[in-house]
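Below are the chains, spelled out letter by letter.
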Amino acid sequence: QMEWDVRQNIPFPREDVEVDYDVIVPQTPDGQMEVVLVAAKREVLDQYLRCVRGAGLQTACVDAAAFSVLNAVESSVGWSPGEAIALINVGASYST
């Protein structure tokens, strides 16, 4: 099922992208599944990985920018279940 969703929602040929997803809600009341689907062009991903290896480092994780900010805040500050927070990422070339 996910491959069909990837082909319907990602505007690049499947062989040109690296795809990952995470199930957010396994089953909604109407029987659907909610997922977060992330795709990165392999060409761009390979450039980043070459830079990391060129610096003599090993890659532990590759994450989409918006999720990396969320993960950094969650691991360093944390928040309580049910607590509402807002993360605003203001960057030089984009904001999320």
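Just above sits the structure.
Residues numbered from 1 in each chain as written. Predicted model: local features only at pLDDT ≥ 70, side-chain atom pairs only at ≥ 80, totals over all residues. Heavy atoms only, no water.

A. Quick peek at the overall build of the protein chain. Assigned secondary structure in the protein chain consists of three helices and two strands. When the helices and strands of the protein chain are read in sequence order from the N terminus, they spell out α-β-β-α-α. Relative to its length of 96 residues, the protein chain is extended, with a C-alpha radius of gyration of 16 Å against a globular reference of 12 Å. For the protein chain, the C-alpha atoms occupy an extent of roughly 50 × 35 × 25 Å along the three principal directions. Across the 96 residues that make up the protein chain, the buried fraction comes to 11%. The long-range fraction of contacts in the protein chain, counting pairs at least 24 apart against all pairs at least 6 apart in sequence, stands at 30%. With the model as given, the accessible surface of the protein chain reaches about 7,800 Å², and the carbon-plus-sulfur share is 54%. Charged side chains of the protein chain number 6 positive and 14 negative; the gap between the two group centres comes to 13 Å. (Helix = DSSP H or I, 4+ residues; strand = E, 2+ residues; numbered from the N terminus. Rg over C-alpha atoms; globule rule 2.2 N^0.38 Å. Buried < 20%, exposed > 50% of the residue type's maximum accessible area, 1.4 Å probe, protein only. Contact = heavy atoms within 4.5 Å. Areas by Shrake-Rupley, 256 points an atom, 1.4 Å probe, with all protein chains shown as cover. Lys, Arg positive; Asp, Glu negative; His and termini not counted. Charge placed at Lys NZ, Arg CZ, Asp CG, Glu CD.)

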